[in-house]
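# Architecture and fold: a report
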Amino acid sequence: MKYILFWVILFTPAWIRIDGSEMEQDVMWHLRKIPRIVSERTFHLTSPTFEADAKMVLNRVCGIECQKELPAPSLSELEDSLSYETVFENGTRTLTRVKVQDLVLEPTQNFTKEAFVRRKRQVYGTDSRFSILDKRFLTNFPFSTAVKLSTGCSGILISPLHVLTAAHCVHDGKDYIKGSKKLRVGLLKMRNKGGGKKHRGSKRVTEGRPSFQWTRVKNTHIPKGWARGGRGDAALDYDYALLELKRAHKKKYMELGTSPTIKKMPGGMIHFSGFDNDRPDQLVYRFCSVSDESNDLLYQYCDAETGSTGSGVYLRLKEPDKKNWKRKIIAVYSGHQWVDVHGVQKDYNVAVRITPLKYAQICLWIHGNDANCTYG
């Protein structure tokens, strides 16, 4: 019964049931005009020490309730946070200052007003995660887009050369973590038992257990909103990073999208797959409802353990022509985080939304210019 529910949720998200009646949601991707982020100037910085300890939980972050009390950031503050560091495989580092153009300020998000109980656990009640063990699914889209980082996190393929992940997987807000200088990305593939090619007269070669094919990272981009370098606390809103691989992969990747509001998510549900530490070398898929949102964050009850952070959160919606369905990434899973709620620290599962500005920034990192980043 559990696996029947799994396939129903994965492939038929268009219909939901509310108060006993069926309703069809607006299940279409709506393209939005994306503001421009333009690189202004690049500076060389001193090489990082790569001495920070890997830490998946921050000491103190401003969450949804905390954000309600803050004024909207100014244009100069946004430009400062969206400026970014690039660290290269030889250990050198640069800082690129950016300008934001054609920005249309959006109204403050309507926060969810329903009361709900938040639990201090990463797995809530019955474990609803699914281990993807069948090779027919494991090495095919969408599950094949999930990757593992050598620092212990997950990520997702978003181009033939790029992986999106959480910033804290490589940087603790002050310095790059140990092991990130020689960062590698693992892609799942099936190994043949016995290895080598099959020759005439030889025994039949069968597929063995899945294993990781590791690829070195050429460079890493992190927004200045996260990489504060000791000048203020890292902002959870900017807990995302882009990794460029040394060589291109041949797998199908998942495209970026901009995050819709909860009301425009089919059933209010999100999906993501990652490599949870309590299930070694297994790809773990989950889906769950979003319980609260702000302009930059999502709170949700997806069962997840350490190792799944950095996973790409996605939706499956119709293309504008109303014929094809497409999955797109709309957030990055930041993990089990402590956030400030009216001066009290509480722990939640949090995802960082891909807003139009973040879409523009990530698109700039991928293409090197904003020519292909007009709509998203």
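Below or above, wherever it landed, is the structure these notes cover. Keep in mind that what you see is a predicted model, and the values were worked out from it rather than measured. (Residues numbered from 1 in each chain as written. Predicted model: local features only at pLDDT ≥ 70, side-chain atom pairs only at ≥ 80, totals over all residues. Heavy atoms only, no water.)

## Regarding the overall build of the chain
Test applied: The helix count covers DSSP runs of H or I at least four residues long, the strand count covers runs of E at least two residues long, and both are numbered beginning at the N terminus. Summary of the burial criterion: residues with accessible area below 20% of their type's maximum are buried, those above 50% are exposed, and those between are partly exposed, where the area comes from a 1.4 Å probe applied to protein chains only. Any two residues whose heavy atoms approach within 4.5 Å at even a single point are treated as in contact. Using a 1.4 Å probe, accessible areas were evaluated by the Shrake-Rupley method; residue-level cover was limited to the displayed protein chains.
For the chain, the helix and strand inventory stands at five helices and 20 strands. With 376 residues in all, the chain has 52% of them scored as buried. Counting contacts in the chain only where the partners sit at least 6 residues apart, residues at least 24 apart contribute 74% of the total. As displayed, the chain offers around 18500 Å² of accessible surface, 50% of which is attributable to carbon and sulfur atoms.

## Comments concerning the environment of Gly 257
One can find Gly 257 in the loop between strand E14 (255–256) and strand E15 (269–274). Judged by relative accessible area, Gly 257 falls into the buried class, the value being 1%. Measuring from C-alpha to C-alpha, the distance between Gly 257 and Arg 353 comes to 10.0 Å, with 96 residues separating the pair along the chain. Apart from residues lying up to four places away in sequence, Gly 257 is in contact with Lys 328, Ile 329, Ile 330, Ile 354 and Tyr 359.

## Examining helix H3 (residues 75–82)
Put simply, the rule is: Directions are taken from the helix axis to each C-beta atom, and the arc is the one they span.
Buried within H3 are the following residues: Leu 78, Glu 79, Ser 81 and Leu 82. Relative to the axis of H3, the buried residues are bounded by an arc of 165° and lie together on one face.

## Some words on empty space enclosed by the protein
Basically, it comes down to this: A cavity here means a set of points on a 1 Å grid, drawn over the protein atoms and nothing else, where a 1.4 Å probe fits but cannot get out; a pocket is an open set with protein on both sides within 12 Å along at least five of seven lines, and a residue lines either one if it has an atom within 4 Å of a point. Grid points are joined across faces, edges and corners, and a volume is the space filled by probe spheres set on the points.
Within this structure, the stated rule accounts for six cavities of 30 Å³ or more. Approximately 70 Å³ is the volume attributed to the largest cavity. Where the lining of the largest cavity is concerned, the elements lending two or more residues are strand E5 (84–88) and strand E12 (207–223). Ranked by the residues each element gives to the lining of the largest cavity, the list is headed by E12, at four residues.

## Regarding the state of the cysteines
Simply put, the disulfide is a covalent bond whose two ends are the sulfur atoms of two cysteines. What counts, and what does not: Any pair of cysteine sulfurs within 2.5 Å is marked as a disulfide.
Counted according to the given criterion, the structure contains three disulfides. Between the sulfur of Cys 153 and that of Cys 169 lies a disulfide, 2.2 Å long from S to S. With the S-S dihedral at roughly -95°, the linkage between Cys 153 and Cys 169 falls on the left-handed side. Pair noted here: Cys 153 is in the loop between strand E8 (146–149) and strand E9 (154–157) and Cys 169 is in the loop between strand E10 (162–165) and strand E11 (184–192), with a separation of 16 residues, a long-range link. Two residues, Cys 288 and Cys 302, share a disulfide whose sulfurs are 2.1 Å apart. With the S-S dihedral at roughly -95°, the linkage between Cys 288 and Cys 302 falls on the left-handed side. Within this pair, whereas Cys 288 is found in strand E16 (residues 283–293), its partner Cys 302 is found in the loop between strand E17 (297–300) and strand E18 (312–318), the two being separated by 14 residues in sequence. Considered together, Cys 288 and Cys 302 belong to a single accessibility category, that of buried residues.

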